[in-house]
Amino acid sequence: MSQTNTSHTAFPSIAFIGGGNMASAIMGGLLRQGVPASKIIVVEPFEGARQALQNNLGIAALPVASEALRRAGLVVWAVKPQSFKEAAAPVADFTREALHLSVAAGITTDSVAGWTGTRRIVRAMPNTPALVGKGMTGLYARPEVDAQGKALIEAVIASTGELSWVEKEEQLDAVTALSGSGPAYVFLFLEAMTQAGVDMGLSAEQSYKLAVATFQGGAELAARSTESAEVLRQRVTSKGGTTYAAITHMQQQKLPEHFIEAMRKAEARAKELAAEFGK
Ligand SMILES: NC(=O)c1ccc[n+]([C@@H]2O[C@H](COP(=O)([O-])OP(=O)(O)OC[C@H]3O[C@@H](n4cnc5c(N)ncnc54)[C@H](OP(=O)(O)O)[C@@H]3O)[C@@H](O)[C@H]2O)c1
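The name recorded for the protein in an unreviewed UniProt entry is Pyrroline-5-carboxylate reductase, from Comamonas guangdongensis. Here the protein is described in UniProt, under the heading Subcellular location (unreviewed entry), as follows: "Cytoplasm". Within the UniProt record for the protein, the comment given under Sequence similarities (unreviewed entry) is "Belongs to the pyrroline-5-carboxylate reductase family."

See below:
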């Protein structure tokens, strides 16, 4: 990963099409970096979402596309894959000169190029920990995006956490299945671990606290360690001990295999989204 030299003072105006969860996470990161709200333009048709942007981030969103979009040097597409084509129609005429960044799952840059009339497109797959500056984003740039464009995207995304470029666009479907959808897997495990704690006599509050801290600690240990996850797991697992009992049951139930299979479903769904909504 190359380092960027783009400071927020060099940022152009940035337009967000769609002002929901993911757009808010990126806007929050930009504001935390000191980018002024006056440099952010948002098109968001849903009144409730516009109100939330005003209340939470102090940003006044537009209900429909307008001439104001011509100011944007970067356009961030943060609408659902299902809404992308419809959202692009009224925007495209104002934004042909801009660099484009799409976070929509599955939708290919060929589709985005067809709808926006430009090939200067970076496709990204962020995740919701971006809301707290702990995001992980996979990025793919079309060849038409120059080094300056990539540096700008890195500076924007770095405000939400870590990033990693992929060489082939289809690899973003794997990123989607792994880190894009991944926070939901973590939350599902948290739910199950909390429930188990309650079943064993702990309060829900204490059980949840133990589960969250265990994920945080485990992830931090893995991030700082030079050893593999397998070795770290073996360190916890005394032969014939308590962890051994749990892990043996999980392996007998083929939990790792089911987990891998589930992630392949997410990858397949990303490809289906492209086929269903990319035309
Ligand atoms: N959430 C995640 O974990 C995550 C992670 C990575 C990538 N993504 C991607 O990020 C994109 C947005 O997801 P999200 O979770 O942020 O969804 P979201 O909260 O529903 O935000 C999308 C917003 O776009 C608005 N919108 C709909 N049609 C529009 C139009 N024509 N013009 C402008 N805005 C329009 C929606 O308004 P209405 O509610 O009125 O439709 C909604 O407020 C998706 O493509 C998703 O694949 C999400």
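Explain the packing of helix α7 (residues 182-199) against helix α8 (residues 204-224) here, please?
Geometrically, a packed helix pair is captured by the angle between its two axes and the distance between the axes. The contact between α7 and α8 brings their axes to 8 Å, and the two run at 135°. On the basis of the axis angle, α7 is oblique to α8. The way α7 lies across α8 gives a crossing that is right-handed. Here Val186, Phe189, Leu190, Met193, Thr194, Gly197 and Val198 of α7 come into contact with α8, specifically with Ala204, Ser207, Tyr208, Ala211, Val212, Thr214 and Phe215.

I'm lost on the sheet that holds strand β5 (residues 121-125) in this one. Help?
To summarise the sheet geometry, strands pair through backbone hydrogen bonds and adopt either a parallel or an antiparallel arrangement. With mixed pairing, 7 strands are arranged side by side in an open sheet as β2-β1-β3-β4-β5-β6-β7. If you trace the sheet from one side to the other, it starts and ends with β2 (40-43) and β7 (161-165), each paired once. Pairs of neighbouring strands in the sheet enclose a mean axial angle of 25°, with direction left out of account. With 4 bridges joining them, strand β3 (residues 72-77) and strand β4 (residues 99-102) adopt parallel strand pairing. Note on β4: the bridge partner recorded for Val76 is Leu101. On the sheet, helix α1 (residues 21-32) packs against β1 (13-17), β2 and β3 and is oriented at approximately 160° with respect to β1. Sheet strands touched by helix α4 (residues 109-116): β3, β4, β5 and β6 (135-141). Its angle to β5, the strand with the most contacts, is close to 130°.

Explain the site of the ligand here, please?
The environment of the ligand is formed by 21 residues, the closest being Asn21, Met22, Glu44, Val79 and Ala105. Here an oxygen atom of the ligand sits 2.7 Å away from a polar atom, N or O, in the side chain of Glu44. Contact between the ligand and Lys80: an oxygen atom at 3.1 Å from a side-chain N or O atom of the residue. Coverage of the ligand by the protein amounts to 76% of the 890 Å² it exposes when considered alone. Residue classes in the shell around the ligand are distributed as 14 nonpolar, 5 polar and 2 charged.

I tried to follow the confidence of the model for the protein on my own but got confused; where do I start?
Caution applies to low-pLDDT parts of the model: their predicted coordinates are not meant to be read in detail. Scored by pLDDT, the protein comes out at a mean of 95, with 97% of its residues at no less than 70. Here the predicted complex carries an ipTM of 0.94, next to a pTM of 0.93.

Hey, could you run me through the UniProt feature "domain: Pyrroline-5-carboxylate reductase dimerisation" (unreviewed entry) in the protein in this one?
Listed under "domain: Pyrroline-5-carboxylate reductase dimerisation" (unreviewed entry) in the UniProt record, and renumbered for this structure, are residues 169-273. Its end C-alpha atoms 15 Å apart, residues 169-273 is made of 83% helix and 0% strand.

The rules behind each value
Residues numbered from 1 in each chain as written. Predicted model: local features only at pLDDT ≥ 70, side-chain atom pairs only at ≥ 80, totals over all residues. Heavy atoms only, no water. UniProt positions renumbered as here; feature names shortened; annotations may be inferred. Axes fitted to C-alpha atoms, helices over the stretch in contact; angles between N-to-C directions. Helix = DSSP H or I, 4+ residues; strand = E, 2+ residues; numbered from the N terminus. Parallel < 35°, antiparallel > 145°, perpendicular 65-115°, else oblique. Left-handed = near helix turned anticlockwise from the far one by under 90°. Contact = heavy atoms within 4.5 Å. Pairing = 2+ DSSP bridges. Near = heavy atom within 4 Å. Polar contact = N/O pair within 3.5 Å; in protein donor to acceptor, adjacent residues only side chain to side chain. Areas by Shrake-Rupley, 256 points an atom, 1.4 Å probe, with all protein chains shown as cover. Nonpolar A, V, L, I, M, F, W, Y, C, P; charged D, E, K, R; others polar. pLDDT = per-residue confidence, 0-100.

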